[in-house]
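# A closer look at the structure
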Amino acid sequence: MRNGRRQVRHERSVRRERSTAPTPPVVAVTGAARGVGQALAVRLADSPLIGRVVAIDDHRGDAAGVTWRVADVTDPALAARLAGVDVVVHTDMSTSVDQDPRERRARNVRGAQTVLTAAAAERIGRVVLLTSAMVYGARPDNPVPLPEDAPLLADADGSVAGDLVEIEELARRSRRVNPGTQVIVARPAALVGDAVDTLLTRHFEAPRLLAVRGCGPRWQFCHVDDLVSALELAAAGTIGTDFAVGCDGSLSQAEVEALSGMKSLEQPARLTFGTAQRLHRLGATPAPAAELRYVVYPWVVDCAALRAAGWHPSVTNAEALTVLLAARGGHHAVVGRRLARKDAALTAAGAAGTAAAVLGTAAIVRHARKRNKT
């Protein structure tokens, strides 16, 4: 009889231990049909840290082992699609340099705002927003590396970085207005991987690497695989604060040139940014001059929060650069504008010049744009 009572007490104790063990969260991933969102959905579907994955996008994707819910992240009806979710990881945003900046800004900001509002309405415990280390700003006097609590000094202009600054401000407001929902921001360094197409990756499609006289840039990359492994920890609750993601250390301009086989076109800062701004005003280049800061000034980040959680990048900066170079696919670009092969050859021939060569690019680009319209 005593043995039977002991067995009952033991079973009750086991049940109590099981009931107090943390239940893996149900995680919703926005933008799950493409890019970082798709890679994250696939990883979370196989993660022992995650209970179930709800994949959200405006169309179904290829990720298996997830629950698909078709929704537009800018639609307030998104809240209904988040029923039963514990955590939202928001990756559905555009960093395209070809998209109209006003349209891109409107969608990016509205999407983040809708996700935060819907999460608060559904009393979701945690939202992870994806921005970029670009929000720290690229400056010649930046320390290397920047601490994660450094001020966010990027210009709130019409650039991609400006979009991200707006999203960071939404996160700050949401923490104050909806304290019941934890908001965490992930800030990757220059992202590389399949289908990543940004001003920074296009920098390596140019005939020469742009450099500003008297300033040595430092290059730090973040592979998509390392980003999604970091987002997995944030979704699981292992990381509870804003964090940066990137490869260990950085590469000097000389190291980048040696690894890529590319040479630099060095110009004074005033000439570089003044010419780039004129090209942008003419419509010859897609990005404002301020975005060029990210290819000539350092913005290396210290991933202290992730290291404290036991995370380490699986890809080095040199390996990430190799991935980026392999993904160029024969593209040719100048100041972010992709060119046809013939126009790229003309630009390369004059790339050793000074302002006249750069301004000549404007005429080449305008000619190419007119030809594409006919």
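As shown above, the structure is provided for reference.
Rules and cut-offs
- Residues numbered from 1 in each chain as written.
- Predicted model: local features only at pLDDT ≥ 70, side-chain atom pairs only at ≥ 80, totals over all residues.
- Heavy atoms only, no water.
- Helix = DSSP H or I, 4+ residues; strand = E, 2+ residues; numbered from the N terminus.
- Buried < 20%, exposed > 50% of the residue type's maximum accessible area, 1.4 Å probe, protein only.
- Contact = heavy atoms within 4.5 Å.
- Areas by Shrake-Rupley, 256 points an atom, 1.4 Å probe, with all protein chains shown as cover.
- Pairing = 2+ DSSP bridges.
- Axes fitted to C-alpha atoms, helices over the stretch in contact; angles between N-to-C directions.
- Arc of directions from axis to C-beta.
- Polar contact = N/O pair within 3.5 Å; in protein donor to acceptor, adjacent residues only side chain to side chain.
- Right-handed = clockwise from strand over helix to strand, strands pointing away.
- Parallel < 35°, antiparallel > 145°, perpendicular 65-115°, else oblique.
- Left-handed = near helix turned anticlockwise from the far one by under 90°.
- Nonpolar A, V, L, I, M, F, W, Y, C, P; charged D, E, K, R; others polar.

### Quick look at the overall build of the protein
From N to C terminus, the protein includes 14 helices and 15 strands. The buried share of the protein, taken over its 374 residues, is 51%. Within the protein, contacts between residues at least 6 apart in sequence are counted, and of these 78% link residues at least 24 apart. A total accessible area of about 17,300 Å² is found for the protein, and carbon and sulfur atoms account for 51% of it.

### Observations regarding the sheet that holds strand 1 (residues 26-30)
Judged by pairing direction, the sheet is parallel, and its 7 strands sit side by side in the order 3-2-1-4-5-6-11 without closing on themselves. In this open sheet, the two strands that pair with only one neighbour each are strand 3 (67-70) and strand 11 (243-245). Sheet twist, expressed as the average angle between the axes of neighbouring strands with direction ignored, equals 20 degrees. For strand 1 and strand 2 (residues 52-57), the ladder comprises 5 bridges, and the chain directions are parallel. Considered in strand 2, the bridge of V27 is made with V53. Contacts from helix 5 (residues 160-177) reach strand 5 (126-130) and strand 6 (182-188) within the one sheet, and its direction differs from that of strand 6 by about 160 degrees.

### Focus on the environment of T316
Among the structural elements, T316 can be located in the loop between helix 11 (304-308) and helix 12 (317-326). Taking the relative accessible area as the measure of exposure, T316 reaches 41% and is therefore partly exposed. Along the backbone, T316 and L251 are 65 residues apart, and their C-alpha atoms lie at a distance of 10.0 Å.

### Let's talk about helix 2 (residues 35-45)
When we look at burial in helix 2, the residues that qualify are V36, G37, L40, A41 and L44. Each buried residue of helix 2 sits inside an arc of 135 degrees when the element is viewed along its axis, so together they form one side. Where the residues of helix 2 are buried, they touch strand 1, strand 2, strand 4 (87-90), strand 5, strand 7 (190-192) and helix 7 (224-236).

### Focus on the side chain of S94
With respect to the element layout, S94 can be found in the loop between strand 4 and helix 4 (101-121). We classify S94 as buried; its relative accessible area is 19%. At 3.2 Å, the side chain of S94 forms a polar contact with the backbone nitrogen of S96. Here the side chain of S94 touches Q99 through a polar contact of 2.8 Å, side chain to side chain. Residues in contact with S94, not counting those within four places in the same chain, are Q99, R104 and N108.

### Focus on the pairing of strand 1
Looking along a regular strand, one sees side chains alternate from face to face of the sheet. Most of strand 1 is tucked away: 5 of the 5 residues are buried. Both faces of strand 1 are covered, namely the face carrying V26, A28 and T30 and the face carrying V27 and V29. After leaving strand 1, the chain enters helix 2 and then returns to the sheet as strand 2, a path that is right-handed. When strand 1 meets strand 4, the two strands line up parallel, connected through 4 bridges. Looking at strand 4, one finds that A28 is bridged to V88.

### Some points on the environment of S174
Relative to the helices and strands, S174 is located in helix 5. Judged by its relative accessible area of 7%, S174 falls in the buried class. Spatially, the C-alpha atom of S174 lies 8.8 Å from that of A120, the residues being 54 residues apart in sequence. With residues up to four places along the chain from it excluded, the contact list for S174 reads L116, P179 and V183.

### Some words on the packing of helix 2 against helix 7
Relative orientation and spacing of two packed helices are given, respectively, by the angle between their axes and the distance between those axes. At a closest axis distance of 9 Å, the pairing of helix 2 and helix 7 adopts a crossing angle of 55 degrees. When the interaxial angle is binned, helix 2 and helix 7 end up oblique. Crossing of helix 2 over helix 7 shows right-handed handedness. Mapping the contact onto sequence places V36, A39, L40, R43 and L44 in helix 2 and V224, L227, V228, S229, L231 and E232 in helix 7.

### A few points about the packing of helix 4 against helix 5
Running from N to C, helix 4 and helix 5 cross one another at 20 degrees; their axes reach a closest spacing of 10 Å. When the axes of helix 4 and helix 5 are compared, the pair comes out roughly parallel. As helix 4 runs across helix 5, the sense of the crossing is right-handed. Along its contact with helix 4, which presents R104, R105, N108, V109, A112, Q113 and L116, the element helix 5 presents V160, G162, D163, E166, I167, L170, A171 and S174. The class makeup of the residues in the contact of helix 4 with helix 5 is 7 nonpolar, 4 polar and 4 charged.

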